[in-house]
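A structural walkthrough
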Amino acid sequence: MSKSTTVKTGKRGRPTVSTSARQARLEARAARVAAGGEVKRGRPASEGSARQAKLAIKAAKIAAGETIKRGRPAKAEVAA
């Protein structure tokens, strides 16, 4: 015999308080995005850093069609 399951519809989880500070921030952010604005997230990248230089070199290699090897380079064996 097969079991029949009923699916309840409705919103699950904790209810949102529309007058909270978090909801106001989320609405302001959504309004900025809708107006074509920029939403910055996380720590900004420093343009002169060594990591940004490495990423630029990698992007140039990809644009040139070179193959990019993933991971750490293999350790070179030294003949004793």
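Everything below is about the structure printed above this text.
Okay, so let's go over this structure. (Residues numbered from 1 in each chain as written. Predicted model: local features only at pLDDT ≥ 70, side-chain atom pairs only at ≥ 80, totals over all residues. Heavy atoms only, no water.)

A few points about the overall build of the chain
- What the chain contains, in helices and strands, is two helices and zero strands.
- Against the 2.2 N^0.38 benchmark of 12 Å for 80 residues, the chain shows a C-alpha radius of gyration of 26 Å, more extended than a compact globule.
- Projecting the C-alpha coordinates of the chain onto the three principal axes gives extents of approximately 70 × 55 × 30 Å.
- Accessible area of the chain: about 8700 Å², with a carbon and sulfur share of 53%.
- A gap of 12 Å separates the mean positions of the 20 positive and 5 negative side-chain charges of the chain. (Helix = DSSP H or I, 4+ residues; strand = E, 2+ residues; numbered from the N terminus. Rg over C-alpha atoms; globule rule 2.2 N^0.38 Å. Areas by Shrake-Rupley, 256 points an atom, 1.4 Å probe, with all protein chains shown as cover. Lys, Arg positive; Asp, Glu negative; His and termini not counted. Charge placed at Lys NZ, Arg CZ, Asp CG, Glu CD.)

Considering a positive patch on the surface
- Where like charges cluster on the molecular surface, the positive patch consists of Arg51, Lys54, Lys58 and Arg70.
- Along the chain, Arg51 turns up in helix H2 (residues 50–64).
- Since its relative accessible area comes to 54%, Arg51 is described here as exposed. (Patch = residues over 30% accessible without salt bridge, like charges linked within 9 Å, V, L, I, M, F, W, Y side chains within 5 Å. Salt bridge = Lys/Arg side-chain N within 4 Å of Asp/Glu carboxyl O. Buried < 20%, exposed > 50% of the residue type's maximum accessible area, 1.4 Å probe, protein only.)

Examining H2
- Here H2 is 15 residues long and its end C-alpha atoms lie 21 Å apart, about the 21 Å a rise of 1.5 Å per residue gives.
- Just downstream of H2, Gly65 is the residue with a positive phi angle, here 90 degrees. (Expected span 1.5 Å × (residues − 1).)

Observations regarding the environment of Lys58
- Along the polypeptide, Lys58 turns up in helix H2.
- Take Lys58: its relative accessible area is 43%, and that puts it in the partly exposed class.
- Sequence spacing of Lys58 and Ile68 is 10 residues, and the spatial spacing of their C-alpha atoms is 7.9 Å.

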